[in-house]
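Overview (structure and organization)
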Amino acid sequence: MKTLAKAQVVLASGMLLAGAVAQNDQTQNNTETLKSFVNKMVQDLSKVRIVISDAPTVEEAMAATDVALVLYYKAVEVSKQEKEVTYEVKSKKVVVEYPKTVSENEVPLYKATEKIELGEGLTGGGVYSISNELVFKDGKIKDKDNVEYYYTVRFKPSSNAIVVFKDKQDTEEEDPTVLIDGGSNEFYTIEVTFTPSLPSDTDTLEDKELNQKAMEIAGKKFYISEVGDKKIVLREASNVVTLNVGESYEFEGKKVELVDVVKQGDEYYAVIKVGDDQETIKVNDEEKVGGVDVKVLGAWVSETQEGKAYAKVILGGKKIELQEGNKVKVGGEDIDNTEVIKAGPSGFKIKVYVNKDDTTKNYLENGKELVDPVFGTFKLVFKPVDLVAGKEKVKVYASGEDAYIKLPLVEGEKTFKIVDGIDDSNNLVINEDWYVSIGESPDANSFNKLLTVLGGVSGDLRVNIYYKDSNGVKKPYFVVSLPTSRETYVYQVNSVTVDNDNNIAKVELKDVVTGNTFTVNVDLNTGYTTLTIGGVDFELHVSTDSSKTVVYLDKVVVIPSLLFYTKDGHKVYIWKKDSNVYTIVSEFQGNDVYTFAGEVELYPDTNDKKVAVSFPRQDQNLKLEGLEPFILVKAEWGNDVAYNTSNGDNTVTANLTIVDVLHWYEKSLNNVQLTVTAQSGNDTAQGYVYYNTSDGLSFKITVTATLPDNPDDNASENVVNDGATLNVKVTEEDSVLNDKMVRNFVSLEDNEFKGLDQWGTYIHGDEEKDGDGYVEFYVPNEKVWYDIRVAKTGETKEEYQTMELTPGEKIDNTQYKVKDVQADVEINPTKYYEYKVKPVYGLVVADVEAVSGCQVAGAEYAIAIGTPTDNMLVANCVKEELMPGQALVKLLADKKVVVMTGKTPALAAKAAEEFAKKVMNDEVPEKAEMVVTQEGTVASQ
C-alpha cells in the first residue's frame, strides 16, 4: 500500500474559455448542491483541479478522464451560449507500463536485411543454423593416443514451421492469433557431428578411453557412455568426483564413500557405499546406490604405492539415450515431442516438436516460449504481436439502408456516406453527393496527351463541382488527392453569388473535414481563377447564364474512383465494380504495394431492406475486377504509316501514351506494330501490347483501325492520308495481384471474420453485426515482421513493457503503472481536440505540494477520485465510514470539493463514471450526495 504522503497527480481541467461569463456566487455554501457546484465549475475550468492518486488504477484513470471531458463539453456549451453543441469521444485508451521478465541472452532467427514474415518458415529470416553462440559450441576430445575427434553442435530451425494467422484448433474459444504452425513438422533440429567418426562399438570406445572424455553439448558436459549402430548414449557430467579409498563426498545430502577398489582378472571394480547401501560396480557400468545414480568412469590401483587406490565416478546426472527412430530417453523415460532421426558413431540428430502426436496442438503462439525438452538449456522465444497498435484504422460499415466509410485524414477522423439507401428493386443507390476524385496532373505539360481516356472520364479534363438550374442545386463533394504530398482534401460548393456590378462570382467553399468555409472570387471576364489546394494550383471556373450556373475544375486528372490518402499516407480506393454496385475498398501503402486488396460488397438484404457488408475471404490470388479506368491511353500513328498487302508489306505502327493513374506514372510506347488484314471491303489493322504494373497488375492494350476501302489491292496505301483513326481498348489480363502475397482468413461464428496479410494489414469484420455489418482495416506504415529468437534458459532480466487498454479491457499484471491516457474528442462547433497528456490523462500536471489538508494548491474547486487509502485528498476530506459495495459522490461545500470514493478503486471509479453520465445528461441532482452501487444504480441524499 502506498503512503499518502506521496505526490498526487492533479488534473488542470481545461483553460479559460473565450466568451465565458463569470457568475456571481449567490448560493450560500449551506444550500450548495452538486448541480449548482457543477454550474460554477464550468464557468471557468482554469479554476478546477481533478485529483487522483499518483498510482491510479486503470478504472480510476478512465473515470477521471470521463469527468474531465464532460466538464469541458459543458464549458463549451456555456461559452457558446447555445445547446446545439455536439460532443463525441472518438476514442479513449489508457497506456500502462508493467514489468516483465525476458531472456537476457538471445540470438534472432533473422539477419539484418531479412525478416520472418507471415507465411514464412523459421528460416525465412535467412538463418538456417546457429553455431558457436549461446549453447551451440563446437569442440574436440582426444583418445588415449591423442587422436583428436572434432564435434560440431548445430541448432537448425525448420522451414516447415510456418508463421500464420489462424484460430487455435485445440481450444473452444474463437481466438485467431499469430502463431508458428508446425503442422506435422518439427520446429527445429539439434545436430551433433563427429569428425572423424567415433568407434563403431562401445568396447572400442572404452579401449580408447573416449568414454572418459567430457564434451559440451547444448551448454552441458557429457560423457559418451555407449555407441553402436543407430545408437548413442550420453551421460551428463554434472558431478564428477575422484575419490581415494576411504574418502567420501557429500551429494544431495547423502554421504558417498569409496570403500575399496578391487581387481578381478583384467577388470577393475569400485566398491561404493551410500548410507547403508553398498554396491560393487565395474568400470563403465552404473548402479543406483542408496538412491544415488553412480557411474564408474575408471578405477586404479597404484603399482608404486602399496594400498593406494582411487576411482573416478559420476554422481547423479541424466542419462540420455538416443536410438534412431525412437523418442529421446532421459533417465529411462521417453521424452514426448522428440524424435531421433539419426544416431551412431558419426553423431546424432534430434527433431523437436511442440506436440508431435496432435497437429492441432503443434503450434507456438506469439508471446510464448518453447523450452528444449532434452537439454533444457535453451528455448525458442516468439515475441508478442499486437495486431492493431501503431496502425491506421479504416472502417466500412452499414447502417440501415445506408453505408459509410470512416477514415483517418490529416485533419482528423471523418465519416463519409457512400451508399444512400435502396431503391424499389433492392439495388443500392450510390450517394449522389459524391463525385470522382481529382488530382494534379502527373505532368503539367501532358494534357494534350490525354484526349482519349476511358471509363467515362470527360475528354476535356473538366469536373463539375456545382450545378444549378430550374430543377434545383446539385452540390457534390469533390475529393482532391495529391500524390506528391500524399494528402487528401474534401470540399463542397455551398453557394455561388454573382455580383453583376463588379462582374465577379463569389464561390463559397466548405472544407468538409475541418468544417471551415471560405470564399473565392472568380473574375467573370476570364471565367476562372486559381484555386490552390495543398500547395497545388487548380483552375476554378464559373459559367453562368439565365438558365444555369456551373462551377467546375479544369485541367485536372480525374481518378475514376474515390481515392483518399490517409493521415499516414496510405491510399484507399473505392469504386463501383459493376451495375450491381459492389463497392471495393483496397488498401495501398508507400510504394504502391497492395496490402489487403479485396472486395467489400455492400448489398441489400431483401427481407428487411437493409444494407449488409461482406468480405470475400479468398486466401490468395485476389484479382480486382474493373480496373480499366485506371489506365488512360492515347494512340497516334507512328513512323510507319504505309502498307501494301500485295507485296507482303502488311504492317503499320502506332505511338501510345499511357498515363497510369493508379501509380501516377506516365509511359510512352512508340512504334507499336499493327498487322493489316486485307478484306474484300475495308481493310483492318490491329495490334496489342501489355502494360504491367510493379505490383502484379497486367493490362492488355489493344489498338485497332478500320482502313478506307481500297478497290485496288495492289496499290500502296497511307493510313494517315486515308484519314484512318485509331481505337484503343484496355482490358485487365488474368494475371494475379501479388500472387505471392499471403493472406490468412479465419471465419468465426455469427458471420464474424478476421484476417491478416503479409504486409501486416489486419482486418476484422462482421456481416450482420446488429443487423448491419462492418469491416475494419488496420494498416501498418511499414511491413510487419515477426521477432523469433533462441535464448538461454535461466538468464533473464526485467524490463518494462507498455500496453494500450481501451474501455473494458483488463491487464493481468498487478504491478502496472498508468503512464498516459489518450482521448480523442470532437466538440462542435469548436475545432477538433485531441488530448494526449502525460502522466495520466486529460491536461494533467504533477505537483508535490498540491494537496494540503482538504485544499488543493492553485484551485478554487476540486474533484477527488479514489479511496481513502490511496488518495490523500479523499483521506483528508472524508471522515465517515464507507459502506461495502457502495460508492459515494459527496459535496463538501465549505471546502469546495466533490469527493467520489468507495472502499475499492473500482467503486471510486464507478462513482466518477456515474457522475460524468449525470453531468452529460443534465441530470445532476440538486442534492449534496449521490450513493452509487457497483451496478450503477443511483440514490440522492
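We now turn to the structure provided with this report. (Residues numbered from 1 in each chain as written. Predicted model: local features only at pLDDT ≥ 70, side-chain atom pairs only at ≥ 80, totals over all residues. Heavy atoms only, no water.)

Among the nonpolar cores identified, the biggest contains 64 residues, and Leu109, Phe136, Phe155 and Leu380 are the most heavily contacted of them. When sequence neighbours within four positions are dropped, the list of residues in contact with phenylalanine 136 reads Ile130, Ser131, Val153, Phe155, Ile190, Phe378 and Val790. Listed in part, the 38 residues of the second largest apolar core include Val76, Ile863, Leu891 and Val919. (Core = buried A, V, L, I, M, F, W, Y, C linked by side-chain atoms within 4.5 Å. Buried < 20%, exposed > 50% of the residue type's maximum accessible area, 1.4 Å probe, protein only. Contact = heavy atoms within 4.5 Å.)

Before going further, it helps to spend a moment on the environment of valine 542. With respect to the helices, strands and loops of the structure, valine 542 is situated in strand β41 (residues 536-544). A sequence separation of 15 residues divides valine 542 from glycine 527, and the C-alpha atoms of the two residues are 5.6 Å apart. In this view, valine 542 contacts Ala505, Val507, Val522, Leu524, Gly527, Val550 and Val551; residues no more than four positions away in its chain are not counted. (Helix = DSSP H or I, 4+ residues; strand = E, 2+ residues; numbered from the N terminus.)

So, on to the environment of threonine 33. Structurally, threonine 33 is set in the loop between β1 (8-12) and α1 (34-41). Aside from chain neighbours lying at most four places away, what touches threonine 33 is Leu891, Pro925, Glu926 and Lys927.

Where burial is concerned, most of α1 is hidden: six out of the eight residues are buried. Burial in α1 covers these residues: Leu34, Ser36, Phe37, Val38, Lys40 and Met41.

Here the focus is the state of the cysteines. The tally for this structure, following the rule as stated, stands at one disulfide. In this model cysteine 854 forms its disulfide with cysteine 877; the gap between the sulfur atoms is 1.8 Å. Residues cysteine 854 and cysteine 877 share a disulfide whose torsion about the S-S bond is about 120°; that sign makes it right-handed. With cysteine 854 in the loop between β68 (851-852) and β69 (855-856) and cysteine 877 in helix α4 (residues 872-877), this pair connects stretches of sequence that are 23 residues apart. By the burial criterion, cysteine 854 is buried, and cysteine 877 matches it. (Disulfide = S-S within 2.5 Å.)

Consider a sheet: its strands pair through backbone hydrogen bonds, and that pairing is either parallel or antiparallel. Overall, antiparallel pairing links the six strands, which are arranged β10-β11-β12-β21-β22-β23 in an open sheet. On the outer flanks of this sheet lie β10 (215-217) and β23 (333-334), each paired with one strand and no other. Looking at chain direction, strand β22 (residues 329-330) and β23 are connected through two bridges and run antiparallel. Note that in β23 the partner of valine 330 across the bridge is glutamate 333. (Pairing = 2+ DSSP bridges.)

Turning next to the side chain of threonine 57. Turning to its location among the elements, threonine 57 is positioned in the loop between β2 (48-52) and α2 (58-80). You can call threonine 57 buried: its relative accessible area is 16%. Discounting chain neighbours no more than four positions away, the residues touching threonine 57 are Tyr816, Val818 and Pro905.

Bringing unusual backbone geometry into the picture now. Proline 196 follows threonine 195 through a cis peptide bond whose omega is -5°. Phi angles above zero are rare outside glycine, and asparagine 146 is one such case at about 65°. Mapping asparagine 146 onto the fold places it in the loop between β5 (139-142) and β6 (148-157). Exposure remark for asparagine 146: the relative accessible area of 56% places this residue in the exposed category.

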